[in-house]
Amino acid sequence: LPVLLCAALLPSVLAFPSGRASILQMTQLRAGAGPSTDDRSSNSAVQNFRQAASLPGIYRCASTDGLVKVLDAVDGPFRCSANPEHILLNRAGLILDLRSQSERDEASARCWMERAPNGGFIVEDFERGSALIDASQEMRRVLRIDVLSPSRLFNHLTTQWMSPSQKALAAMYYAIDGGKLHELRMDVLNEKGLAGLYEAIISTSGEELQAGLIAITEYLEACEAKGVDGACAVHCVQGKDRTGLLIMLCQSMMGVSDDEIIADYHLSDTLRKRDEGSAAADQFGGKVKRKGKLDRSVFSGAPMEAMIETLAWIRDQYGSINPGYLDSIGFDQSWRDRFVDVVSKRSSASVDVPLSK
């Protein structure tokens, strides 16, 4: 079951509405996207890296496990202040890892965290009901928050998406045939698609998203109090789904327009590695589209439509993103004021960071 956590992180690309193409192009030019979308070669240890649009000091990227590869290089990229590796290894004081345990290369992750310049990182695992480490302490940390829980996803899938007849089948399969139950769940998930996956995360992982927002706020406040130009980074496997949702909440608080949020999300289609494999695809049927198997084409890329539908769904269910949804997860007005205040004080020109593919 844990491999389902990669379900929305599958390779290939969906088309996007031509009416929004100019928005994406403007975002790429503003952010300084250099390489063409057809050139997938890159020496970067971290893919899909960039500063989140309109969020100075907050970065987004794919898996950081590859950082271990650059530590032994005498002229490694982490020694150049403009590179993603430098920001993560030298400047970042908080990294939010939104993956599950099964998605990590634990040996590689532990190695780069222990050997990172300036003292290395400690690891903190978020658990519901537990307090986070005091951000004012002199330590760099990786905060691991499992945003896509299989048990919560499957419960949401059963209670919210299945028809009465499907629920009856699920109850029967639960008792006698786990394989058939899994196939039924995959069929329902395929039907709901990427926007449905985001709906499930938003609906079932409010405590996890709140923890991420609190950690970012407290860390940036600690940096301000110390006069330190620190950075924080948010990542999952490919840096588009779970990362995209948390970044969207941050951008919404800063009054970023829907068009800019959607374009920043969709930029992951340009920067991610399209030939990268997926644990979910390998587990649930490979490249052949079959009933009862995860359909990789449904969950590929970062299509604009997925974020458009997600923003509309949140507003329909909660009245608004800010304050509606944020109030519902406990990130109330006092927290939002603190977040907006500390982000507004940061200079977006502190570091010129190119996008990494």
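In the block above lies the structure referred to throughout.
Enquirer: Sorry if this is basic, but what is going on with the overall build of the protein chain here?
Expert: For the protein chain, the count of helices and strands is 14 helices and six strands. Counting every position in the protein chain, which comprises 357 residues, the buried fraction comes to 55%. Across the protein chain, the fraction of contacts at a sequence separation of at least 24, relative to all contacts at a separation of at least 6, is 78%. Carbon and sulfur atoms make up 50% of the accessible area of the protein chain, which amounts to about 14,700 Å² in all.

Enquirer: What should I look at first to understand the pairing of strand 5 (residues 141–144) in this one?
Expert: Here is the key point about a regular strand: its side chains alternate between the two faces of the sheet. Of the two faces of strand 5, the one holding Arg141 and Leu143 and the one holding Val142 and Arg144 are both buried throughout. Bridge count between strand 3 (residues 92–97) and strand 5: four bridges; the pairing is parallel. Within the sheet, the bridge partner assigned to Leu96 lies in strand 5 and is Leu143. Where strand 4 (residues 122–125) lies against strand 5, four bridges are found, and the strand directions are parallel. Within strand 5, the residue paired with Glu124 across the bridge is Leu143.

Enquirer: Quick question: what am I supposed to make of the packing of aromatic side chains here?
Expert: Two aromatic rings, taken as a pair, are described by how far apart their centres are and by the angle between their planes. The tally for this structure, following the rule as stated, stands at six aromatic pairs. Summarising the aromatic geometry, the rings of Tyr318 and Tyr325 are spaced 5.0 Å apart at their centres and angled 80° between planes, so their arrangement reads as edge-to-face. Among the aromatic residues, ring-to-ring pairing joins Trp313, Tyr318 and Tyr325 into one connected group.

Enquirer: Would you take a moment to explain helix 2 (residues 84–91) for this structure?
Expert: In an α-helix, one turn spans 3.6 residues; hence positions three or four apart end up facing the same way. In terms of burial, helix 2 is a largely internal element, seven of the eight residues being buried. Buried within helix 2 are the following residues: Pro84, Glu85, His86, Ile87, Leu88, Leu89 and Arg91. On its buried side, helix 2 packs onto strand 2 (58–61), strand 3, helix 3 (106–115), helix 7 (206–226) and strand 6 (231–235).

Enquirer: Looking at this structure, how should I read the pairing of strand 3?
Expert: Buried residues dominate strand 3, accounting for six of its six residues. As paired strands, strand 3 and strand 6 are joined by five bridges and run parallel to one another. Looking across to strand 6, one finds that Ala92 is bridged to Ala231.

Enquirer: Is there a simple way to think about the side chain of Thr64 in this case?
Expert: Along the chain, Thr64 falls in the loop between strand 2 and helix 2. Assessed through its relative accessible area of 2%, Thr64 is described here as buried. If sequence neighbours within four positions are ignored, Thr64 has contacts with Val46, Leu88, Trp112 and His235.

Enquirer: For this particular structure, what's the right way to read the sheet that holds strand 3?
Expert: Through backbone hydrogen bonds, the strands of a sheet pair up, either in parallel or in antiparallel fashion. The six strands are arranged 1-2-6-3-5-4 in an open sheet whose pairing can be described as mixed. Of all strands in the sheet, those with a lone pairing partner are strand 1 (50–51) and strand 4, marking the two edges.

Enquirer: When you look at the pattern of salt bridges in this model, what are you seeing that I'm missing?
Expert: Charged atoms that come close allow side chains of opposite charge to pair. Here the structure, examined in full by the defined rule, presents 20 salt bridges. For the salt bridge of Arg152 with Glu208, the shortest nitrogen-to-oxygen distance reads 3.6 Å. Taken as a pair, Arg152 in helix 4 (residues 150–161) and Glu208 in helix 7 lie far apart in primary sequence, 56 residues in all. Residue classification places Glu208 among the buried residues on the basis of a relative accessible area of 4%. What you see here is one network of salt bridges that share partners, running through Asp65, Asp97, Arg99 and Arg104.

Enquirer: Help me out: how do you make sense of the state of the cysteines in this one?
Expert: What makes a disulfide is a covalent bond joining the sulfur atoms belonging to two cysteines. This model, assessed by the stated rule, comprises zero disulfides. Unpaired in this structure, Cys61 has its nearest cysteine sulfur neighbour in Cys236, at a distance of 8.7 Å. You can call Cys236 buried: its relative accessible area is 0%.

Parameters at a glance
Residues numbered from 1 in each chain as written. Predicted model: local features only at pLDDT ≥ 70, side-chain atom pairs only at ≥ 80, totals over all residues. Heavy atoms only, no water. Helix = DSSP H or I, 4+ residues; strand = E, 2+ residues; numbered from the N terminus. Buried < 20%, exposed > 50% of the residue type's maximum accessible area, 1.4 Å probe, protein only. Contact = heavy atoms within 4.5 Å. Areas by Shrake-Rupley, 256 points an atom, 1.4 Å probe, with all protein chains shown as cover. Pairing = 2+ DSSP bridges. Phe/Tyr/Trp six-rings, centres within 6.5 Å; stacked < 30°, edge-to-face > 60°. Salt bridge = Lys/Arg side-chain N within 4 Å of Asp/Glu carboxyl O. Disulfide = S-S within 2.5 Å.

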